[in-house]
Amino acid sequence: PHGPQLRGRHERRHRYVLDVDGLFAERHCNLDMVELMPVVEEADIAELRELIERHHAYTGSPVARWVLEDWPNILARFVKVFPIDYRKALERLAREQEEANLRQHLAA
């Protein structure tokens, strides 16, 4: 699950990968460029399930059906792939927003 399979909606900067054999990080991933995280946040879980449900509805994928049928067990095999540069950009934007809020508060 890499290359074209990781493409998704343009507004999402992260991807989800079903790491069935637990070897995604070792064999298919450049950890200098991305972070791998477990899918544990409620928003991520809901987003992932919706993506799989839509995929199954559009394609009839037997893999998607298998994942949905065994969701509680399969969920733990997914990883969230998040680009390090994007995370750093988000952190920088958050800092800049905090600084702007502080300046605005001090000026008032």
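Residues numbered from 1 in each chain as written. Predicted model: local features only at pLDDT ≥ 70, side-chain atom pairs only at ≥ 80, totals over all residues. Heavy atoms only, no water.

S.K.: Could you clarify how one ought to interpret the overall build of the protein in this entry?
M.R.: When helices and strands are tallied, the protein shows 5 helices and 3 strands. Burial statistics for the protein: of 108 residues in total, 27% are counted as buried. Nonlocal contacts in the protein, meaning residues at least 24 apart in sequence, comprise 65% of its contacts between residues at least 6 apart. (Helix = DSSP H or I, 4+ residues; strand = E, 2+ residues; numbered from the N terminus. Buried < 20%, exposed > 50% of the residue type's maximum accessible area, 1.4 Å probe, protein only. Contact = heavy atoms within 4.5 Å.)

S.K.: Any chance you could explain the nonpolar core here in plain terms?
M.R.: In summary, soluble globular proteins display a tendency toward joint burial of nonpolar side chains. One finds Val 39, Leu 48, Ile 52, Val 67, Trp 71, Leu 75 and Phe 78 to be the most contacted residues of the largest nonpolar core, which totals 13 residues. Secondary structure elements with two or more residues in this core: β1 (15-18), α2 (42-59), α3 (62-69) and α4 (71-74). Apart from residues lying up to four places away in sequence, Val 39 is in contact with Tyr 16, Asp 44, Ile 45, Leu 48, Leu 75, Phe 78, Val 79 and Lys 80. The next biggest cluster of nonpolar side chains, apart from the first, holds 6 residues, and it includes Phe 24, Cys 29, Val 79 and Val 81. (Core = buried A, V, L, I, M, F, W, Y, C linked by side-chain atoms within 4.5 Å.)

S.K.: Please explain α3 as it appears in this structure.
M.R.: In an α-helix, one turn spans 3.6 residues; hence positions three or four apart end up facing the same way. Within the span of α3, buried status applies to Ala 64, Val 67 and Leu 68. Projected down its long axis, α3 carries its buried residues within an arc of 95 degrees, all on one side. In this structure, α3 carries Pro 62 and Glu 69 as exposed residues pointing more than 90 degrees from its buried face. Buried residues along α3 sit against β1, α2, α4 and β3 (78-83). The residue sitting at the N-terminus of α3 and contributing the capping side-chain oxygen is Ser 61; that oxygen lies 3.3 Å from the backbone nitrogen of Val 63. (Arc of directions from axis to C-beta. Polar contact = N/O pair within 3.5 Å; in protein donor to acceptor, adjacent residues only side chain to side chain.)

S.K.: Sorry if this is basic, but what is going on with α2 here?
M.R.: If you check α2, its first and last C-alpha atoms are 26 Å apart, about what 18 residues at 1.5 Å a residue would give, namely 26 Å. Those residues of α2 lying buried are Asp 44, Ile 45, Glu 47, Leu 48 and Ile 52. Along the axis of α2, the buried positions cluster into a sector of 170 degrees, meaning they face one direction only. Across from the buried face of α2, at angles greater than 90 degrees, the exposed residues are Glu 42, Ala 43, Ala 57 and Tyr 58. Buried residues belonging to α2 abut β1, α3, α4 and β3. At the exit of α2 stands Gly 60, carrying a positive phi of roughly 70 degrees. (Expected span 1.5 Å × (residues − 1).)

S.K.: Is there a simple way to think about the environment of Leu 36 in this case?
M.R.: As for its position among the elements, Leu 36 is in strand β2 (residues 34-38). A C-alpha to C-alpha distance of 9.6 Å links Leu 36 and Phe 24, two positions 12 residues apart in sequence. Residues contacting Leu 36, with those up to four places away along its chain left out, are Phe 24, Ala 25, Cys 29, Leu 31, Lys 80 and Val 81.

S.K.: For this particular structure, what's the right way to read the pattern of salt bridges?
M.R.: Working definition: two side chains of opposite charge can pair if their charged atoms are close together. Applying the stated criterion to the full structure yields 5 salt bridges. Here Glu 53 and Arg 49 are joined by a salt bridge, their closest N and O atoms 2.9 Å apart. In this pair, Glu 53 and Arg 49 both sit in helix α2, 4 residues apart, roughly one turn of the helix. A relative accessible area of 36% means that Glu 53 is categorised as partly exposed. The salt bridge partner of Arg 65 is Glu 69, with a shortest N-O separation of 3.7 Å. Here Arg 65 and its partner Glu 69 are both found in helix α3, 4 residues apart, which amounts to about one turn of the helix. On the basis of relative accessibility, which here comes to 41%, the residue Arg 65 falls in the partly exposed class. Exposure remark for Glu 69: the relative accessible area of 61% places this residue in the exposed category. (Salt bridge = Lys/Arg side-chain N within 4 Å of Asp/Glu carboxyl O.)

Just geometry here; none of it tells us what the structure is for.
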